[in-house]
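Inside the fold
Take a look at the letters that make up each chain.
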Amino acid sequence: MDATSRSGDSEPPRSVLGEAFALLGCLRRLGSGRVSEVQHECGLPRTTVSRLLVQLEQAGAVERTGGRWRLGPTVMELGSEVPAEPRLRAVAQRPLVELAKATGGLVALSVDIAGRGLVVDVLPGNHPIAVEPRPGMTLYEDGLAATGLRAGRLAAVRAHVQAHTGDMRPVIDAGGADPRVNCVAAPLRLSRSDTGAVWLMLPVEQGIAEHVVSATRRTAGRIATELSKPPVP
């Protein structure tokens, strides 16, 4: 007699893989949490939660900071292939290319996944940038540590915050995140619940011209407007 028959429960037991995905889904909703919080959210036994977290940590799917667990770099990088709005890359491609041509700067597009910004596309500029983002890079202190950029001062990070509050004004960072780089970012609303940012980076000696700020804001507006239209069959 199997375990299901002995218990009298007609519902088949959840597989280890199913439990792991359920746990990842809980962390996505929580953003981060202690074992007790994750257990409460998932409804799994504490021993199961602890065991899965350790196994997922070894695979890079989750990470632990200060006793709190959150989604790890492996999941975040995979997530960069599936933006919150599936049409985003196709819709954004032309506006981003035109912004890069008009300004000569490095252009990047980022979205929010699991409550944190993630770079999904980067178009190199005409001039080398001392610290360049890359697709799959997360916009938080740990993710930016390798570049030396300060997350709290980076215009793109602040634009993500503004997008959540509905403040769609461009954010300007004149050498604050790195003294060699200027950055302009425009908040982007992808859907009722999903946000992102269009940002442009230039060597600090080029300054930040008004037409660069305006062009970045227009690009984000174009992308948002196209995404608001029904998809073409």
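Residues numbered from 1 in each chain as written. Predicted model: local features only at pLDDT ≥ 70, side-chain atom pairs only at ≥ 80, totals over all residues. Heavy atoms only, no water.

Structural notes on the overall build of the protein chain
Within the protein chain, the regular secondary structure consists of nine helices and seven strands. Across the 233 residues that make up the protein chain, the buried fraction comes to 47%. Here the contacts in the protein chain between residues at least 6 apart in sequence split such that 52% fall between residues at least 24 apart. Accessible area of the protein chain: about 12,000 Å², with a carbon and sulfur share of 53%. (Helix = DSSP H or I, 4+ residues; strand = E, 2+ residues; numbered from the N terminus. Buried < 20%, exposed > 50% of the residue type's maximum accessible area, 1.4 Å probe, protein only. Contact = heavy atoms within 4.5 Å. Areas by Shrake-Rupley, 256 points an atom, 1.4 Å probe, with all protein chains shown as cover.)

Here we look at the confidence of the model for the protein chain
Detailed reading of the predicted coordinates is not advisable wherever pLDDT falls low. Averaged over all residues, the pLDDT of the protein chain is 82; the fraction at 70 or higher stands at 81%. Counting contacts from residues 1-13, a segment whose pLDDT is below 50, to residues more than four positions away or on other chains yields five contacts. (pLDDT = per-residue confidence, 0-100.)

Here's the deal with the state of the cysteines
Scanning all chains against the criterion turns up one disulfide. A sulfur-sulfur separation of 2.3 Å characterises the disulfide bridge that pairs Cys26 with Cys42. Taken together, the residues span a long stretch of sequence, with Cys26 in helix 2 (residues 16-30) and Cys42 in helix 3 (residues 35-42) at a distance of 16 residues. Both residues of the pair, Cys26 and Cys42, count as buried. (Disulfide = S-S within 2.5 Å.)

Topic: the packing of helix 3 against helix 4 (residues 46-58)
Their axes nearest at 9 Å, the elements helix 3 and helix 4 cross at an angle of 115°. Judged by the inter-axis angle, helix 3 sits roughly perpendicular to helix 4. When you trace helix 3 past helix 4, the crossing you get is right-handed. Along the contact surface, helix 3 presents Val35, Ser36, Val38 and Gln39, while helix 4 presents Arg46, Val49, Ser50 and Leu53. (Axes fitted to C-alpha atoms, helices over the stretch in contact; angles between N-to-C directions. Parallel < 35°, antiparallel > 145°, perpendicular 65-115°, else oblique. Left-handed = near helix turned anticlockwise from the far one by under 90°.)

Let's talk about the pairing of strand 7 (residues 195-203)
For strand 7, the tally of buried residues reaches nine of nine residues, placing the bulk of the element in the interior. Covered by surrounding structure in strand 7 are Thr195, Ala197, Trp199, Met201 and Pro203 together with Gly196, Val198, Leu200 and Leu202, the residues of both alternating faces. For strand 6 (residues 181-189) and strand 7, the ladder comprises nine bridges, and the chain directions are antiparallel. Its bridge partner lying in strand 7, Arg189 is registered against Thr195. Connecting the antiparallel pair strand 6 and strand 7 is a turn made up of five residues. (Pairing = 2+ DSSP bridges.)

Comments concerning the pairing of strand 1 (residues 62-65)
As judged from the four bridges shared by strand 1 and strand 2 (residues 68-71), these two strands associate in the antiparallel manner. By the bridge assignment for strand 2, Glu63 is matched with Arg70. Hairpin connection from strand 1 to strand 2: two residues lie between these consecutive antiparallel strands, with Gly66 at a positive phi of about 60°.

Some remarks on the nonpolar core
Leu88, Leu96, Val107, Leu109, Leu188, Val198 and Ile223 are the most contacted members of the largest nonpolar core, which has 24 residues in total. Those elements giving two or more residues to this core turn out to be helix 6 (88-103), strand 3 (106-113), strand 4 (116-123), strand 6, strand 7 and helix 9 (210-228). Excluding residues within four positions of it along the chain, Leu188 makes contact with Leu109, Ala163, Met168, Asp194, Thr195, Gly196, Ala197, Val198, Ala220, Ile223 and Ala224. (Core = buried A, V, L, I, M, F, W, Y, C linked by side-chain atoms within 4.5 Å.)

Observations concerning the environment of Pro179
Topologically, Pro179 is positioned in the loop between strand 5 (171-174) and strand 6. Assessed through its relative accessible area of 64%, Pro179 is described here as exposed. Separated by 30 residues in the primary sequence, Pro179 and Leu149 have C-alpha atoms spaced 9.5 Å apart.

Some details on the environment of Gly125
Mapped onto the elements of the fold, Gly125 is located in the loop between strand 4 and helix 7 (141-144). Taking C-alpha positions, Gly125 is 8.4 Å from Thr103, a pair spaced 22 residues apart along the chain. If we ignore the near neighbours within four places in the chain, the residues touching Gly125 are Gly104, Gly105 and Leu106.

Brief notes about helix 9
A rise of 1.5 Å per residue sets the reference length of helix 9, with its 19 residues, at 27 Å; its end C-alpha atoms lie 27 Å apart and thus fit the reference within 8%. Considered for burial, the residues of helix 9 that qualify are Val212, Val213, Ala215, Thr216, Thr219, Ala220, Ile223 and Leu227. Where helix 9 is buried, its residues contact helix 6, strand 5, strand 6 and strand 7. (Expected span 1.5 Å × (residues − 1).)

Observations concerning the pattern of salt bridges
Applying the stated criterion to the full structure yields eight salt bridges. Between Arg94 and Glu98 there is a salt bridge, and its shortest N-O distance comes to 3.0 Å. In this pair, Arg94 and Glu98 both sit in helix 6, four residues apart, roughly one turn of the helix. Classification of Arg94 by relative accessible area gives exposed; the value is 59%. (Salt bridge = Lys/Arg side-chain N within 4 Å of Asp/Glu carboxyl O.)

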